[in-house]
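# Remarks on the overall topology
Below are the chains, spelled out letter by letter.
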2 protein chains.
Amino acid sequence: MSVVESFTKLGFNDPPAESVPVKSLVFKPKTPKSATPVPIVVVALQSTATPSPLIAQVTSSKDPRLARDDLVRDIFKCESAKDFNLGYLSNATSDFKLLIDSQLEAVEGATILKLTDDLFMTKEILFKFLSEFDAVRQSVDFTQEVKSKDQKKGQQPKKQDSSSAILEDAKLIGITVDKSKDFPGWYQQVLTKGEMLDYYDVSGCYILRPPSYAIWENIQKWFDEKIKGLGVQNAYFPMFVSSRVLEREKDHIEGFAPEVAWVTRAGQSELEEPIAIRPTSETVMYPYYAKWIQSYRDLPLKLNQWNSVVRWEFKHPQPFLRTREFLWQEGHTVFLTKEEAEKEVLQILDFYADIYKELLAVPVVKGRKTEKEKFAGGDYTTTVEGYIPQTGRGIQGATSHHLGQNFSKMFNLTVENPKGPEYPKVFAFQNSWGLSTRTLGVMVMIHSDNKGLVIPPRVAQFQAVVIPVGITKNTTEEQRQQIYDSSKSVESRLKQAGIRAFGDYNDNYTPGWKFSQYELKGIPVRIELGPKDIKENQVTVVRRNDSRKYNVKLDELEKRIPEILNELHNDLYSKAKELYDSHRVLVNEWKEFVPNLNKKNVIIAPWCGVTECEEDIKDSSAKKDDGEEIAVDEKAPSMGAKSLCIPFEQPELKESQKCIKCDRPAINYTMFGRSY
Amino acid sequence: MSVVESFTKLGFNDPPAESVPVKSLVFKPKTPKSATPVPIVVVALQSTATPSPLIAQVTSSKDPRLARDDLVRDIFKCESAKDFNLGYLSNATSDFKLLIDSQLEAVEGATILKLTDDLFMTKEILFKFLSEFDAVRQSVDFTQEVKSKDQKKGQQPKKQDSSSAILEDAKLIGITVDKSKDFPGWYQQVLTKGEMLDYYDVSGCYILRPPSYAIWENIQKWFDEKIKGLGVQNAYFPMFVSSRVLEREKDHIEGFAPEVAWVTRAGQSELEEPIAIRPTSETVMYPYYAKWIQSYRDLPLKLNQWNSVVRWEFKHPQPFLRTREFLWQEGHTVFLTKEEAEKEVLQILDFYADIYKELLAVPVVKGRKTEKEKFAGGDYTTTVEGYIPQTGRGIQGATSHHLGQNFSKMFNLTVENPKGPEYPKVFAFQNSWGLSTRTLGVMVMIHSDNKGLVIPPRVAQFQAVVIPVGITKNTTEEQRQQIYDSSKSVESRLKQAGIRAFGDYNDNYTPGWKFSQYELKGIPVRIELGPKDIKENQVTVVRRNDSRKYNVKLDELEKRIPEILNELHNDLYSKAKELYDSHRVLVNEWKEFVPNLNKKNVIIAPWCGVTECEEDIKDSSAKKDDGEEIAVDEKAPSMGAKSLCIPFEQPELKESQKCIKCDRPAINYTMFGRSY
């Protein structure tokens with residue numbers, strides 16, 4: 001491994017939400033021909049000017065200039081000066097000096113530095129790396145003025161506020177990226193600036209801050225009640241699984257093996273046998289199901305757990321959508337008959353669809369996965385599929401699997417035949433089903449906008465914020481007190497009515513600043529109360545999603561606010577549904593397939609059901625051979641279309657309808673699309 | 001490592017709840033002096049007879065006899081025949097034959113085999129081990145009769161039910177171990193037979209089945225509401241932490257390092273840097289706290305998470321009490337002032353005490369930990385300490401730590417001085433506090449009995465079971481129907497009244513069988529309804545804890561059942577409190593210290609507060625030098641006494657009172673005891 005590769009491994013490639021650009025420069029001081037020059041390596045904030053005279057002064061060297069290719073090649077074995085990065089320091093064949101920008105040193109907190117467009121590193125790791133060189137190292141305040149010779153002693157250099165350059169940017173509160181122009185950048189900003197989530201120093205892991213965790217709690221509460229109504233009980237199985245057990249169902253483990261995280265050491269002791277962290281719990285649970293279930297009277301067995309699982313994805317991680325640890329629920333149920341099991345698969349799928357529609361205001365299409373896309377080891381997978389308008393990509397929302405008898409045969413999950421012991425034992429029928437915090441990502445992508453988050457009211461941590469307004473220099477103290485008292489009374493009445501409300505009575509901020517704040521955070525409605533409202537015995541209610549205003553009489557508060565929240569929910573849903581519906585197009589001819597993908601559509605097409613054809617569709621739609629510009633997001637400019645599902649709601653197939661891609665007869669309409 | 005050690009490492013030493021004893025025997029057939037004997041190794045259920053004539057028959061060898069020391073030494077390098085175990089097979093210097101008992105092969109499910117008193121192994125691992133030998137291997141049905149010579153062909157051997165030997169034992173439903181005689185064995189049985197928990201094939205990890213998880217959910221619900229009332233919000237931080245971050249607070253990590261589990265591999269890739277699984281989340285969270293908290297207006301910050309943590313204990317694991325993964329909540333709060341922080345420490349401790357008293361009916365003593373026993377890296381630790389009467393040992397119930405400014409200094413968690421920017425920045429004051437599923441273990445140990453679990457009603461998954469009784473051959477169908485209808489109506493009225501009730505209307509089991517079942521599972525009250533009850537317009541209510549009976553008129557159901565449940569709760573608490581109070585003794589003289597420990601007491605003694613003295617107390621109380629028999633549980637026959645806490649409620653110290661152990665003056669009364 002080259003030194004540069006080693007260095008690169010200290011960092012990561014995925015742009016974090018916020019990073020501080022840093023430059024590294026090599027200077028060569030003027031040196032007599034006979035002497036070997038001692039290069040000066042400067043590591044500084046991108047925004048810091050590093051004037052050569054100042055470098056000369058602090059290093060007591062003569063006339064340093066940016067080094068040319070030959071020096072960089074001779075000393076650091078780096079082909080050209082423009083390719084230089086700090087990794088090459090490890091190659092150094094001679095001494096060098098290291099100057100560190102004191103403004104960079106002063107950057108506080110868990111900062112991530114941007115070294116190049118695709119290399120990011122925590123400040124701590126970079127500094128640790130730099131500290132390992134046996135080089136003369138100096139911390140330099142580049143904001144100091146260069147002293148003239150007679151100034152060198154006695155005078156305090158004039159200091160600027162050393163952190164202004166970065167904080168100016170870091171302190172920007174609002175979203176600075178346009179959702180329609182840089183969707184990934186926008187997504188990162190709404191999540192982090194809206195304080196839903198923060199990036200974490202283990203790549204692919206994220207912090208769920210209270211506003212997002214509260215949404216998850218609201219989903220949990222709703223779903224938990226629903227499944228308990230079906231007789232499901234919660235339990236908790238260990239997060240660890242031995243390789244022996246994990247690998248028992250071959251098809252299943254093949255699907256997960258590349259992403260399994262292994263614990264091999266505890267304290268200072270190497271474990272005798274590595275232990276996996278569950279990527280899902282089928283193989284964790286079913287040996288015990290086999291033990292517990294002795295008679296058909298022990299059936300059905302319906303357990304669920306709320307937990308986290310780990311899938312060490314090596315693809316580009318994305319908050320909520322693709323993360324190495326994520327929260328979910330996984331239900332695992334066992335039935336005596338296939339009929340009972342299949343009935344439950346659909347009941348659960350309906351719950352999932354309802355979570356999207358009724359809680360998150362997100363439209364989904366219910367359907368069945370193809371053989372290629374189904375859960376590894378199961379019989380078939382049902383799914384709810386969403387759609388992200390900005391990228392035109394489909395997204396799997398949650399899945400409910402019928403496992404058939406595959407796992408019960410593998411784990412010997414049998415019961416005595418109800419017909420009597422003289423009949424052969426019966427292998428049980430099983431389901432598993434899961435919904436994860438991915439839900440939150442879909443919700444954010446669909447509803448939020450350039451002002452920040454838009455959180456659907458039924459899941460929002462806070463549904464309403466009360467803000468006193470209209471207080472000016474001319475407001476009397478009595479009037480002011482009246483406005484504040486009324487506001488607090490509104491807040492408390494709303495809470496009494498079961499609405500998750502709070503008030504912001506902080507005098508240090510203007511109402512306008514507060515409006516922006518709570519728009520950024522996506523609070524569904526803002527309730528303003530000012531002198532005019534007092535006079536009219538009303539409050540002014542402003543919806544987050546479209547700034548629509550309502551005047552609500554005070555005595556109608558408990559009735560109207562819930563209504564407004566419901567209308568808001570319905571409007572969010574309708575808008576999203578309209579977009580999904582208008583971008584889900586029926587296509588019967590292959591020549592229209594890719595052009596439609598490129599119009600950010602998902603496609604309903606007649607299909608033959610053959611896996612090779614599915615792969616062919618993916619390959620053929622990935623190529624840019626149709627002459628049209630491909631306008632999906634930059635991470636996947638030429639991504640092929642996968643099958644998303646075979647929708648339950650089917651257009652009628654014409655007799656002798658051919659497959660969209662091959663010559664075989666179509667057996668159904670299948671939904672295809674580029675996808676997450 | 002010797003072959004035996006390697007073999008031993010395939011298994012584990014801690015007796016599981018259920019295991020199947022297995023024997024391994026070496027036989028030597030009669031062989032001409034000139035020939036090398038081929039030994040026959042038999043692996044069979046302990047209960048299987050392995051007659052020599054049958055071995056002779058199936059191996060076609062002559063007159064096999066149990067091998068003597070010399071053969072075992074020559075061929076397996078094992079000193080004596082009685083020391084032989086299957087590990088020695090790896091030493092074999094010649095061929096051997098391997099006979100496997102087909103009854104052992106037929107044992108189903110995730111069975112654990114008992115190879116010796118302290119070596120247990122899953123059947124799967126043992127069989128995998130055996131499969132690796134290149135030996136002639138035969139599966140033998142030892143129940144077959146030895147054929148006489150003329151019988152050898154044509155006749156079907158008479159088969160016994162091959163699983164009777166083990167299942168007879170495995171199918172025993174009730175508790176077979178006396179709580180007062182074999183406390184650890186009893187504890188395992190009540191948990192597993194009561195279906196709260198099951199043992200798992202990764203040592204130190206356990207499965208929380210629905211009845212225990214439901215208790216945890218009830219605790220969660222209660223506590224979550226309380227802390228949200230204090231303004232705490234829930235969040236979720238990743239389970240992974242980089243070594244760099246984990247090791248930032250030195251005292252803190254020293255306390256946890258030996259128990260940290262490390263992920264070093266994902267799929268087939270070695271990770272560049274090992275990543276730890278959180279043992280607790282101080283160092284996971286605080287770098288982000290430092291980032292988020294910019295102004296004193298961002299304080300207080302109060303976050304909590306419900307999660308699992310991993311501490312890879314190498315000590316004897318015990319369900320709920322010492323497990324490698326456990327569920328808990330961890331609260332992490334930040335305040336501007338020490339006063340606010342310290343106030344919260346005690347508020348939380350009161351909640352913890354209330355969980356024990358009001359939900360679990362368990363008395364605890366509130367106090368402060370000594371310097372030696374406090375949380376590593378914090379300022380001081382407050383604790384609720386329980387007591388297990390059977391072992392006379394104290395048990396830490398939950399802890400609430402004041403971290404002072406230690407972590408805020410380490411993680412640079414500062415805010416601008418509220419006095420103004422010209423004053424120095426202020427390091428924040430922090431707390432952390434946690435309560436785990438250990439609560440459930442304490443609850444079970446204290447209340448449950450030889451009939452099974454006793455679950456306090458406020459946390460029980462089900463509080464009442466309705467059982468129709470008194471149906472005989474002479475009962476008319478009409479009467480029977482009336483009893484069933486009334487029972488179902490009682491069940492539904494109870495549910496309506498918010499009582500967690502269910503009915504058991506299964507005709508296949510007698511009421512007596514059902515009574516035992518639900519006693520085993522600890523359902524707080526059983527509600528019987530028979531012909532006499534119908535006549536009297538009543539139900540008969542029987543309390544699980546003491547079989548006390550009540551007649552409750554049907555029209556008083558909704559009023560009386562909650563009252564009875566409350567009385568039951570109070571009686572459980574009083575009984576446990578009486579035991580704790582009578583075994584918490586004030587001791588002023590060292591000579592009475594150990595004798596009192598040996599009477600299963602915890603001790604309140606005047607103490608000097610010096611750590612060396614505390615260590616001395618532990619050492620001195622561990623020795624059996626007082627002539628009395630030490631009667632703590634077998635795992636820790638001579639365990640020394642630790643300080644449990646410095647109780648908030650202090651007896652008055654006499655002036656010039658000396659420390660119980662040394663000559664220094666006492667500074668307080670401290671509670672000491674053997675402990676978990």
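Residues numbered from 1 in each chain as written. Chains lettered and ligands numbered in written order. Predicted model: local features only at pLDDT ≥ 70, side-chain atom pairs only at ≥ 80, totals over all residues. Heavy atoms only, no water.

## Side note on the pattern of salt bridges
Inspection of the entire model under this criterion finds 78 salt bridges over all chains. Taking the shortest distance from any N to any O, the salt bridge between Lys181 of chain A and Asp178 of chain A comes out at 3.9 Å. For Arg543 of chain B, the salt bridge goes to Asp571 of chain B, with nearest N and O atoms at 2.8 Å. With Arg543 of chain B in strand β25 (residues 538-543) and Asp571 of chain B in helix α18 (residues 557-582), this pair connects stretches of sequence that are 28 residues apart. Classification of Arg543 of chain B as buried rests on a relative accessible area of 1%. Since its relative accessible area comes to 30%, Asp571 of chain B is described here as partly exposed. In this structure, a network of salt bridges that share partners links the residues Glu124 and Asp201 of chain A together with Arg244 and Arg248 of chain B. (Salt bridge = Lys/Arg side-chain N within 4 Å of Asp/Glu carboxyl O. Helix = DSSP H or I, 4+ residues; strand = E, 2+ residues; numbered from the N terminus. Buried < 20%, exposed > 50% of the residue type's maximum accessible area, 1.4 Å probe, protein only.)

## Here's the deal with the side chain of Thr439 of chain A
Residues and elements named next belong to chain A. Examined against the element boundaries, Thr439 turns out to sit in helix α14 (residues 438-447). When its relative accessible area of 0% is taken as the criterion, Thr439 is described as buried. In terms of polar contacts, Thr439 uses its side chain to reach the backbone carbonyl oxygen of Ser436, at 2.8 Å. Dropping the residues within four chain positions of it, Thr439 is found in contact with Trp216, Ile219, Tyr356 and Leu360. (Polar contact = N/O pair within 3.5 Å; in protein donor to acceptor, adjacent residues only side chain to side chain. Contact = heavy atoms within 4.5 Å.)

## Some thoughts on the relation of the copies chain A and chain B
Here the second copy of the chain follows from the first by a rotation about an axis and a shift along it. Rotating chain A by 180 degrees and moving it 0.0 Å along the rotation axis overlays it on chain B with an RMSD of 0.2 Å. These values place the two chain copies in the arrangement generated by a two-fold rotation axis. For chain A, the minimum C-alpha distance to the rotation axis belongs to Val263 of chain A and amounts to 2.2 Å. Here 99% of the interface residues in chain A have copies in chain B that are interface residues too; the copies meet face to matching face. (Least-squares fit on C-alpha atoms with pLDDT ≥ 70 in both.)

## A short note on the UniProt feature "domain: Aminoacyl-transfer RNA synthetases class-II family profile" (unreviewed entry) in chain A
What UniProt calls "domain: Aminoacyl-transfer RNA synthetases class-II family profile" (unreviewed entry) maps, in this numbering, to residues 213-456 of chain A. Helix makes up 31% of residues 213-456 of chain A and strand 32%. Its end C-alpha atoms lie 14 Å apart. (UniProt positions renumbered as here; feature names shortened; annotations may be inferred.)

## A few points about unusual backbone geometry
Glycine aside, residues mostly have negative phi angles, and peptide bonds mostly take the trans form. In this chain, Leu299 of chain A is followed by Pro300 of chain A through a cis amide linkage whose omega measures -10 degrees. With respect to the secondary-structure elements, Pro300 of chain A resides in the loop between α11 (282-292) and β14 (301-310). One non-glycine residue, Asn537 of chain B, adopts positive backbone phi at about 60 degrees.

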